[in-house]
Amino acid sequence: GYSNGTVTASHNKGAVSSHSTVTTFLGGLVGYIDSKTVVEGSTNAGRIYFDCPSNTCNMGGLASQVKSGASVNNCTNSGDVVLANPANNLACNMGGMIGINESQNVANLTNNGNSSGGWSCNSFICLGGVCGFTSKDFTGCINNGKVLFNESSTGASGSKLYMGGVVGYTKASITIANCTNTDKGSVSFNPTAQEGDTDRLYDDIYVGGILGFSNE
């Protein structure tokens, strides 16, 4: 669940799932990577599944969150990351590898798993093939997995969605370098709203092959 040490040449093949009503950190290899952690040469092949009645979640094939000072390098994910049945007022960062990244020392990650979710009203969701949200530079990462988001049949009034083949949402000052979203990594948003559906009025939707949105 939590690491502030060293994880090297480690491999998970088991599914990781949660049905939680509290803030949740869900990762295939490590739930939460704190500032002194080093993760190298490790893989996840297990499915990450969150049946989400809570209001806040971070989730990723490798880890839910990477704190400033941690190091994550040369890791691979092949497990699907799935957000299901989201609650209203949800804030969620989800990625094929990492949900939210705050470290400058993240590089050479490869995601082969698919990332998918759905949303409800007044939600704020960042979804990326490699990382959902990053406030620091991202280097040498590859996404081979599909990134898919489906609109909820119950509506999505007031919601914001940021999704990209590599990263969903970044701070404007950061650099994404030598990253690739391959021809296997399709990025798809599938709305069902029709003209006149006032309960399905989105505030923002940003979708990109590499990056969904860069904030000023």
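Refer to the preceding data block for the structure.
Parameters and conventions
All residue numbers refer to position in the chain's written sequence, counted from 1. Given that the model is predicted, a residue must reach a pLDDT of at least 70 before its local features are reported, and side-chain atom pairs must reach 80 or more before they are shown or counted; all residues, however, enter totals for whole chains, interfaces and linings. The side-chain quantities take in all heavy atoms of the structure and omit both hydrogens and water. By convention in these notes, a salt bridge is any Lys or Arg side-chain nitrogen within 4 Å of a carboxyl oxygen on Asp or Glu. Helix and strand definitions follow DSSP, with helices as H or I runs of at least four residues and strands as E runs of at least two, each counted in order from the N terminus. Relative accessibility thresholds used throughout: buried, under 20% of the residue-type maximum; exposed, over 50%; partly exposed, between the two (1.4 Å probe, protein chains only). The rule is short: rings of Phe, Tyr and Trp, with Trp giving its six-membered ring, pair when the centres are within 6.5 Å, and they are stacked under 30 degrees, edge-to-face over 60, tilted in between.

Caption draft 1: Up close: the pattern of salt bridges. For the structure on display, the rule yields two salt bridges. In this structure, E102 engages K67 in a salt bridge whose closest nitrogen and oxygen atoms are separated by 3.1 Å. Of the two residues, E102 is situated in the loop between β15 (98-101) and β16 (105-111) and K67 in the loop between β11 (63-66) and β12 (71-77); the sequence distance between them amounts to 35 residues. Between D204 and K160 there is a salt bridge, and its shortest N-O distance comes to 3.0 Å. In this pair, D204 sits in strand β28 (residues 204-208) while K160 sits in strand β23 (residues 160-164), placing the two residues 44 residues apart along the sequence. Judged by its relative accessible area of 26%, K160 falls in the partly exposed class.

Caption draft 2: Fine view of the packing of aromatic side chains. Enumeration over the complete set of coordinates arrives at 10 aromatic pairs. For the ring pair Y2 and Y32, a centre distance of 5.9 Å and an interplane angle of 10° mean the geometry is stacked. Here the residue Y2 occupies a position in strand β1 (residues 2-3), and Y32 occupies one in strand β6 (residues 30-33), the gap between them amounting to 30 residues. For Y32, a relative accessible area of 18% gives the class buried. Taken together, the ring pairs connect F124, F133, Y162, Y169, Y206 and F213 into an aromatic cluster.

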